[in-house]
Amino acid sequence: MRRDRLDTRDGLGQTSPPLSAPPPAPRMAKLLVLHGPNLNLLGTREPEVYGRTTLAEIDADLARRARSAGHDLTCLQSNAEHVLVDRVQAARADGTDFLLVNPAGFTHTSVALRDALAAVALPFIEVHLSNPHAREPFRHTSFFSDLAVGTVAGFGADSYRYALEAALARLDNH
């Protein structure tokens, strides 16, 4: 027998199938969470509407859940529309795979943020702590819902968790 070949015969002289390489490890996805105006005040701002969970607590929970699923998650909150637009545009080039976006007050006003999301063509889920359809009539229209993969609203801080679970499931299936 040549020494440079693997002997695949078992003890009975039977040939066993060659060993196959292990499947490649799943690729770590990059997720980006964007929080719009006034969400930095979570925990103290109208807790009867938005709950008592702080934005830092939400971000830490999302990061932990993404990490435990083998993915990377970055969060950004801004009260400035241009900062969110710039970050969406940067996502196209930085390897971001999926976004969770809570446009907050920009939901009903920001054509610029909507256009940025349309331009980068990255999948995203629209997230809201409260249910906009159960609130004032001007909140019933979203500039983002028709572009989003889906919308999660009305579950308080859990809305983010549900959106993350949906994003991870979608990433696992693609």
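These notes cover the structure that comes with them. Note that the coordinates shown come from a computational prediction; the quantities given were computed from them, not determined experimentally. (Residues numbered from 1 in each chain as written. Predicted model: local features only at pLDDT ≥ 70, side-chain atom pairs only at ≥ 80, totals over all residues. Heavy atoms only, no water.)

Describing unusual backbone geometry
Alright, step 1. You will see that Ala104, though not glycine, has its phi angle at about 50 degrees, which is positive.
Alright, step 2. In this structure, Ala104 sits in the loop between strand S3 (98-102) and helix H4 (111-120).
Alright, step 3. Phi angles above zero are rare outside glycine, and Ala121 is one such case at about 55 degrees.
Alright, step 4. Counting through the fold element by element, Ala121 comes out in the loop between H4 and strand S4 (124-128).
Alright, step 5. When its relative accessible area of 62% is taken as the criterion, Ala121 is described as exposed. (Helix = DSSP H or I, 4+ residues; strand = E, 2+ residues; numbered from the N terminus. Buried < 20%, exposed > 50% of the residue type's maximum accessible area, 1.4 Å probe, protein only.)

Thoughts on helix H2 (residues 55-68)
Alright, step 1. Across its 14 residues, H2 extends 20 Å between first and last C-alpha, which sits within 8% of the 20 Å expected from 1.5 Å per residue.
Alright, step 2. Those residues of H2 that sit buried are Leu55, Ile58, Asp59, Leu62, Ala63 and Ala66. What you see down the axis of H2 is that its buried residues fit within an arc of 125 degrees, all on one side. Away from its buried face, by an angle of more than 90 degrees, H2 presents the exposed residues Ala56, Arg67 and Ser68. (Expected span 1.5 Å × (residues − 1). Arc of directions from axis to C-beta.)

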